[in-house]
Amino acid sequence: MIELENVSLRYNLNREILNNVSLTIEPGGFYYVTGSSGAGKTSLLKLLFLSLKPSEGKLSVFGHDISKISNYKKQLLRRRIGFVFQDFRLLNHLTTYENIALPLRVRGENEMNYKKDVIELLKWVNLEHCIHLRPEVLSGGEKQRAAIARAVIGSPEIILADEPTGNVDPEIASRILNLFLELNKLGTSIVIATHDTAIIKQIKKPVIELKNGKIKIQK
Amino acid sequence: MEKLKYKNKIKILSSLESIKSLNKDRIRSLAPRPTKLIPNDGVAGKYLLIIISVMCYTISLLLCTISLINNTITSSQISISLLQTFNIISPLIIILISIAICSVVIFATNAALAGNKEIIQVLNLMGASRNFIAYQIQVKFINISILGGVIGCILTALTILLINPLYNQLFNMVYKYETDIVIINFSNFQIYEYLFILIVPLLSGLIGLISSRLAIINILK
Ligand SMILES: Nc1ncnc2c1ncn2[C@@H]1O[C@H](COP(=O)(O)OP(=O)(O)O)[C@@H](O)[C@H]1O
Ligand SMILES: [Mg+2]
């Protein structure tokens, strides 16, 4: 589904965030990405989301070599990936409902066709009471769930979540984790970047550990 | 105030209704209008509209004058050379003003891009195409430039309606003394001959479209 072949990544010359890394994300897989703060978890997810280009090596997403694709094609591929941002990236001038519907709206879909789905999804993440509230008044956990709902609405084939349990208390964290597990059972691949060892213990899945630009996979 | 309350009521109603029963027609009648993806900053829009209206007013007035003059019969050599000069200079002025509209729109677009940088980034991350994002920003400027053109045209029409009788009077007054003055064949000049100034809104809309697209494409890369 997503393949990295001898990929290196650096922002500037003196430090390699990723150093000659090869990795395959299988369809339907569930992975954790761990590592200390600054190890490059976010950078790895950004690579998979086509926000960054590898400095060296080959990255192919859904079978497309991304060094060769046009901007438009890149956007089309992105629509098949859901991303939960560490800082949520919700838009404060839109309501929660509109924020969640955004990925569909930017595809030019008609609101009448997706209104029902969005409201169902809002129920699924327990946010019905926030439907017309702006994200700035939501609590951390509510924002987190809104961000997850937005990543899910476009029925992506893979979801990349950057510290999805970073800003919430343990109870909500385990509920969020269960949401991902449910999605995974429905066939969506999941990649969760986290440094929270508690949630890794809770559901046993392969762990991709980042350290000094190298990865170690523990099954 | 009344309007605002009404809007909120609809929002609350629609939120309740949509959860209870998802009857399509019901939703259509209750759903609030979607918020604009790129929010409007009203004040800048107003100034832009005023500037573009004044510019379009000047352009259409000049166009009218050109047409008026070229329908003119004149008896004196001095008038002819004056008119020829005018014929050369006024297209230049029109071009200059068009360029001015262009740069005003480009500046405004750049300001909108800078002011909404984060929103644009998020749209990009959601998989929006460049065209989609460009349209969200552009639509405001296209509307403003077309509206500016229309306002300019209306002002021109009013001006001509006001000036024509005055000019007639003035002309008759001066003509009595048989001075060197252009002779305009007013009887031939009908209102539909002014209709060509309707290209001004189209023109300014086109300028708005092209220049804002130029500004956007440069930055969205
Ligand atoms: N845009 C950037 N420019 C330069 N350095 C960056 C940039 N983004 C991240 N870094 C650096 O890359 C390293 C890894 O960052 P990140 O991937 O965010 O780590 P993590 O998510 O694991 O905490 C950090 O040392 C950070 O300072
Ligand atoms: Mg990070």
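Preceding this paragraph is the structure being described.
It should be emphasised that the depicted structure is a prediction, and the values quoted were computed from it without experimental measurement. (Residues numbered from 1 in each chain as written. Chains lettered and ligands numbered in written order. Predicted model: local features only at pLDDT ≥ 70, side-chain atom pairs only at ≥ 80, totals over all residues. Heavy atoms only, no water.)

Observations regarding a nonpolar patch on the surface
A cluster of nonpolar side chains, contributed by Ile88, Ile89, Leu92, Ile93, Ile95, Leu96 and Ile99 of chain B, occupies part of the molecular surface with about 680 Å² of accessible area. By the secondary structure assignment, Ile95 of chain B is in helix α4 (residues 77-115). (Patch = residues over 30% accessible without salt bridge, like charges linked within 9 Å, V, L, I, M, F, W, Y side chains within 5 Å. Areas by Shrake-Rupley, 256 points an atom, 1.4 Å probe, with all protein chains shown as cover. Salt bridge = Lys/Arg side-chain N within 4 Å of Asp/Glu carboxyl O. Helix = DSSP H or I, 4+ residues; strand = E, 2+ residues; numbered from the N terminus.)

Observations regarding the coordination of the magnesium ion (ligand 2)
All names here are of chain A. Summarising the metal site, the magnesium ion (ligand 2) is bound by the protein donors Thr42 (OG1) and Gln86 (OE1), whose distances to it range over 2.0 to 2.8 Å. Here Thr42 is found in helix α1 (residues 41-48), whereas its partner Gln86 is found in the loop between β6 (81-84) and α3 (96-105), with 44 residues between them in sequence. We classify Gln86 as partly exposed; its relative accessible area is 37%. (Donors = N, O, S within 2.8 Å, 3.2 Å for Na, K, Ca; no water. Buried < 20%, exposed > 50% of the residue type's maximum accessible area, 1.4 Å probe, protein only.)

Topic: the packing of aromatic side chains
All names here are of chain A. Here the structure, examined in full by the defined rule, presents four aromatic pairs over all chains. With a centroid separation of 4.8 Å and an interplanar angle of 55 degrees, the aromatic rings of Phe49 and Phe83 are classed as tilted. On the criterion of sequence distance, the pair formed by Phe49 in the loop between α1 and β4 (56-61) and Phe83 in strand β6 is long-range, its members being 34 residues apart. Given the relative accessible area of 6%, Phe83 is considered buried. (Phe/Tyr/Trp six-rings, centres within 6.5 Å; stacked < 30°, edge-to-face > 60°.)

A short note on the interface of chain B and chain A
Taken together, the contacts link 29 residues of chain B with 30 residues of chain A. Between chain B and chain A lies a buried interface of about 2700 Å² when both sides are counted; carbon and sulfur atoms form 64% of it. Our count for the contact surface shared by chain B and chain A stands at zero salt bridges. On inspection of chain B and its partner chain A, the count reaches eight residue pairs in polar contact (both at pLDDT 80 or more). Contributions of two or more residues to the side of chain B that touches chain A are made by α1 (2-20), α2 (24-30), α5 (117-125) and α6 (130-175) of chain B. Element by element, the count of residues in the side of chain B that touches chain A is highest for α5 of chain B, at six residues. The residue inventory of the side of chain B that touches chain A, partitioned by class, reads 16 nonpolar, eight polar and five charged. (Contact = heavy atoms within 4.5 Å. Buried area = accessible area lost by both parts, 1.4 Å probe. Polar contact = N/O pair within 3.5 Å; in protein donor to acceptor, adjacent residues only side chain to side chain. Nonpolar A, V, L, I, M, F, W, Y, C, P; charged D, E, K, R; others polar.)

Considering α1 of chain A
Each α-helix turn comprises 3.6 residues. Residues three or four places apart therefore point the same way. Residues and elements named next belong to chain A. The buried fraction of α1 is high, at six of eight residues. Among the residues of α1, Lys41, Ser43, Leu44, Leu45, Leu47 and Leu48 are the ones counted as buried. Count one or two residues on from α1 and you reach Leu50, which has phi positive near 70 degrees.

Examining the nonpolar core
Leu4, Leu102 and Leu160 of chain A together with Ile101, Leu123 and Ile137 of chain B are the most contacted members of the largest nonpolar core, which totals 75 residues. The element contributing the most residues to this core is helix α3 (residues 42-70) of chain B, with nine residues. Those residues within four positions of Leu160 of chain A in sequence are excluded, and the remaining contacts are Leu45, Leu48, Phe49, Ile81, Gly82, Phe83, Val84 and Val191 of chain A. In this structure, Ile131, Ala151, Ile199 and Ile200 of chain A belong to the second largest nonpolar core, which totals 43 residues. (Core = buried A, V, L, I, M, F, W, Y, C linked by side-chain atoms within 4.5 Å.)

Everything listed here is a matter of coordinates, which is why it stays silent on function.
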